[in-house]
Amino acid sequence: MKEPTEFALRKFVAPEFIFGIDARKLTGRYAKNFGARKVLVVSDPRVMAAGWTDDVIACLREEGVECAVFSSITSNPRADEVMKGAELYQREGCNALVAVGGGSPMDCAKGIGIVCANKRDIIAFEGVDKVELPIPPLICIPTTAGSAADVSQFAIISDVQRRVKFAIISKMIVPDIALIDPVTTTSMPAELTAWTGMDALCHAIEAYVSTAHSPITDLFALQAIRLITSNMLPTMVELDNIVLRGEMLLACLDAGLAFSNASLGAVHAMAHSLGGLLNAPHGECNAILLPYVIEFNFPAAPDRYREIGKAMGLDMDGMASRDALSALVAAINHLNKQAKLTYTLGQLGVDRGIIPTLAEKAMHDPCIFTNPRQPRSKDIEAIYEKAL
Amino acid sequence: MKKPSDIEENWESQREKIIGLGERSLRKTYYPELQQKLDQLERFRALLDQSNDCIFLIHVPTGSFIDVNESACRQLGCSRQEVLALPLERFFPEDALAWAREILAAEREQEWDRDAITTRMFKCSGGELPVEINIRLVTFRKELYGVAVARNITERKLAEEALQRLNNELEQRIAERTADLEESRTKLETQNKELQKTYHELAVETTALQRAMEDLREKDRMVIQQSRMAAMGEMLGNIAHQWRQPFNVLGLIVQDLGLSYESGEFSQELLDSNIGKVMEILLHLSQTIDDFSNFSTPDKEKALFKVDQVIVKTISLIKESFKNKHIAIDISSSDDPQINGYPHEYAQVLLNILMNARDALLESRKENARIAVRAWNENDRSVVTITDNAGGIKTDILGKIFEPYFTTKDLGKGTGVGLFLSKTIIEKNMGGRLSARNTGDGVELRIEV
């Protein structure tokens, strides 16, 4: 029997999206439909090198839409990069944005849109619902199957001066259309496929156990978990398999729709903290932290974690809680191991001395507010220490 | 340190927001902004429509109107659809079209504004709208447009026309006035010339007059001189009369001395007595000379004199001569009249009249020739009348006796200036009056001063 709390108020926001092979080729048509005269194409060197950016630019040109390209982006987009992009956008007289790439270019494009519409420094928008004016039309063409920034209301920006990654959460920055094309993910090497895959799994798990979850988000979260569990490792073997890539990208989309509405939890809060301080790769941090956070959170939502286990194909019926937790953590560790994600935080350069700082920052990350178990700083510190 | 409850509240509210239940948790929408822009646009459109200027947007590549403001429709009497459907040729005359085409032929915006031209636009309702128009090229979304702003200059035209009219009137008036002035000037010039001519003539006349006056004066001087010479002649005669008797006496005395000596009666007493008598007579003769010379000396200045004295003195000069000719002179005077004037000239007048009377009496050979001289005051003036009984003057010549060079005397006897001169002396010099009239048996000359 469901409890009345299951029907507490929930909202579900998703952008229009087109999923499928060659979806990217619709960029020109959409740009035109949005009234774009000149778009700023935001991308990164890796995607540029893979040729997806040029692919998209060609589509735009075909429709008579002019382009300016901004690709000076590091793997975690920095505030100053956002500001530079915004300056370029204004200087070039653009009136729309197209992001081609993974989480970094997409978050950066969102940041550029915020700055151009609201005329303030990007740092001013940290937090929830701080964006007042709608950003220009934004078309996202994801080339990884991880961040799901193409469907989310999240943008994660690095503040180099404060050495933090801060989250901007606003419905105003949900893209106008996501053109989700499995073809663009085929250029990912195995390692990146693993990192982004584990990121997506984290999204799904954290969204599922989030205190803001809803019956709708649950559907997407569990489906994402299922798809990742069964397709991630095979994809790493068959990088060109468009079906596997499609499954992984679909999983990423499902996870994105789930976490964008249900939000995340301690894994992401702590990963953001690590990323800000050490510029550590987001996917790796997630993968390392996930098992320890599950151990911490499990008592607060045992049934939900059991459902996750089931989605991962574990048989936990009648299993004691302690065993169920152990089985789940083992399954995740197994996945990490198979994906060759066997690092520790120590290997990423984390020193015991900075743990209190990391914990302090994580405690202020918006993602922490929906963690199923409300941690204290020392709880977070303890998790970091375990992950060393 | 934050209390756990605070943290929990914070967590709860943050969670609510993340779920999307915050007040500002809105899906992206451009509508409010769009609405704002539309309002702005509507306001701006109203502004353009309310402008008095007709504003046209011309699409350069096609050379046709693509937008027009309300004011243009109103002033041209066309609907918006009409304006947008009709070609430029329908609205502009050929010269304005050529001008517009030249501007629109540019391939991009010009950095400078072309000067506006003044032309007219054809209304849909017929009729024309005088306008000042300028066109500026603008590029919008890479398309070139011409923004034509036509300003209705009807009022300005009217004002200009009124001004022109005023100007013309003014010019006309100035021309008229100038002509008037020119006419006046010409007239004045003519008058001036005439005046100069007249002046010249006058100068000539004046010179002639002056010369004539000079001549007259010269004549007068000669006449006076002649008169004076005649008078001197008369005087000499008178002196001869005056002196004959004393000379006779002197002769007797000298003879008496001689006879006395021969008879032996000569004595010292007789000698002394006779010397005394001779000296007395010589003194008398000398006195006579003084009297005559005084008489002929002209007066320099006016002086107050007694008329009676002058009469007595004058008559004393001629008494002997008149007696010799048997002409009696009666003198009567009352009131002791006095004159402020020239006594010698006055005396000369008296003498002249007396001489004329004598001549008339001698000519008439009258038995009891008599001259009456009377003097008195009348109305604050002195009056002296000299009346003879020589028979009078014929009426037809009585009016002419005071004219110069008029004489009734035989040739060589009179100068004809005596009475004229006398009248001049009395009337001009002394402001009096000299007149003549016939009495029953003679003439009365009346001197009023």
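This one's a predicted model, so the numbers in the text were calculated from it and none came from an experiment.

1. Here we look at the overall build of chain A
1) Next: Helix and strand counts for chain A stand at 14 helices and nine strands.
2) Next: A compact globule built from 388 residues should have a C-alpha radius of gyration of about 21 Å, and chain A, at 20 Å, falls within 12% of that.
3) Next: For the C-alpha atoms alone, the extent of chain A along its principal axes is close to 65 × 45 × 45 Å.
4) Next: Burial analysis of chain A (388 residues in total) assigns 62% to the buried set.
5) Next: Carbon and sulfur atoms make up 52% of the accessible area of chain A, which totals about 14000 Å².

2. Things to note about the side chain of Thr387(B)
1) Next: Summarising the element assignment, Thr387(B) is placed in strand E10 (residues 381-388).
2) Next: If near-sequence neighbours (up to four positions away) are discounted, Thr387(B) is found in contact with Arg370(B), Ile371(B), Ala372(B), Thr439(B), Val443(B) and Glu444(B).

3. Digging into the packing of aromatic side chains
Centre distance and the angle of the planes are the two values used to describe a pair of aromatic rings.
1) Next: This structure, assessed with the given rule, holds nine aromatic pairs over all chains.
2) Next: Note on Phe12(A) and Phe220(A): the rings are 5.6 Å apart at their centroids and 15° apart in plane angle, and the pair reads as stacked. Placement of Phe12(A) in the segment before strand E1 (16-19) and of Phe220(A) in helix H7 (residues 215-237) is noted, with a sequence separation of 208 residues between them.
3) Next: Counting every residue linked through ring pairs, the aromatic cluster contains Phe56(B), Phe65(B) and Phe91(B).
4) Next: The positively charged end of Arg373(A) is found above the aromatic ring belonging to Phe296(A), 3.9 Å away from the centroid.

4. Observations regarding the confidence of the model for chain A
1) Next: When pLDDT is averaged across chain A, the result is 93; 100% of the residues are at 70 or more.
2) Next: Looking at the elements of chain A, mean pLDDT is at its lowest for strand E5 (residues 127-128) of chain A, recorded as 88, and at its highest for strand E6 (residues 138-142) of chain A, recorded as 97.

5. A few points about the interface of chain B and chain A
1) Next: Of the residues lining the interface, 22 residues belong to chain B; the matching set on chain A comes to 36 residues.
2) Next: Its largest share of buried area at the contact with chain A, chain B owes to Trp11(B), Ile18(B) and Lys28(B), together 31% of the area lost on that side.
3) Next: Between Lys142(B) and Glu66(A) there is a salt bridge whose closest N-O contact spans 2.5 Å.
4) Next: If you look at where chain B meets chain A, you find seven residue pairs in polar contact (both at pLDDT 80 or more).

6. Here's the deal with a nonpolar patch on the surface
1) Next: Side chains of Tyr31(B), Leu34(B), Leu38(B) and Leu41(B) sit close together on the surface and give an oily, nonpolar patch of about 400 Å² of accessible area.
2) Next: Within the secondary structure, Leu38(B) sits in helix H2 (residues 31-50).

7. What about the nonpolar core?
All names here are of chain A.
1) Next: Among the nonpolar cores identified, the biggest contains 90 residues, and Met198, Ile225, Leu289, Tyr305, Ile308 and Tyr384 are the most heavily contacted of them.
2) Next: Looking at this core, the element that brings in the most residues is helix H6 (residues 190-209), giving 12 residues.
3) Next: Mapping this core onto the domain boundaries places at least three of its residues in each of domain 1 (16-185) and domain 2 (190-387).
4) Next: When near neighbours in sequence (up to four residues on either side) are disregarded, Leu289 contacts Val267, Met270, Ala271, Leu274, Leu345, Ile383, Tyr384 and Ala387.

8. Examining the state of the cysteines
Residues and elements named next belong to chain B.
1) Next: Within the structure shown, the criterion is met by one disulfide over all chains.
2) Next: Here Cys78 connects covalently by a disulfide to Cys124, the sulfurs 2.0 Å from one another. One quick way to see it: the torsion about the S-S bond of Cys78 and Cys124 is about 105°, and its sign makes the bridge right-handed. Of this pair, Cys78 sits in the loop between helix H3 (70-76) and helix H4 (80-85) while Cys124 is found in the loop between strand E3 (117-122) and strand E4 (128-140), placing the two residues 46 residues apart along the sequence.
3) Next: On the accessibility criterion, Cys78 (6% relative accessible area) is buried.

Parameters and conventions
- Residues numbered from 1 in each chain as written.
- Chains lettered and ligands numbered in written order.
- Predicted model: local features only at pLDDT ≥ 70, side-chain atom pairs only at ≥ 80, totals over all residues.
- Heavy atoms only, no water.
- Helix = DSSP H or I, 4+ residues; strand = E, 2+ residues; numbered from the N terminus.
- Rg over C-alpha atoms; globule rule 2.2 N^0.38 Å.
- Buried < 20%, exposed > 50% of the residue type's maximum accessible area, 1.4 Å probe, protein only.
- Areas by Shrake-Rupley, 256 points an atom, 1.4 Å probe, with all protein chains shown as cover.
- Contact = heavy atoms within 4.5 Å.
- Phe/Tyr/Trp six-rings, centres within 6.5 Å; stacked < 30°, edge-to-face > 60°.
- Lys NZ or Arg CZ within 6 Å of the ring centre and 35° of its normal.
- pLDDT = per-residue confidence, 0-100.
- Buried area = accessible area lost by both parts, 1.4 Å probe.
- Salt bridge = Lys/Arg side-chain N within 4 Å of Asp/Glu carboxyl O.
- Polar contact = N/O pair within 3.5 Å; in protein donor to acceptor, adjacent residues only side chain to side chain.
- Patch = residues over 30% accessible without salt bridge, like charges linked within 9 Å, V, L, I, M, F, W, Y side chains within 5 Å.
- Core = buried A, V, L, I, M, F, W, Y, C linked by side-chain atoms within 4.5 Å.
- Domains from an automatic or database assignment.
- Disulfide = S-S within 2.5 Å.

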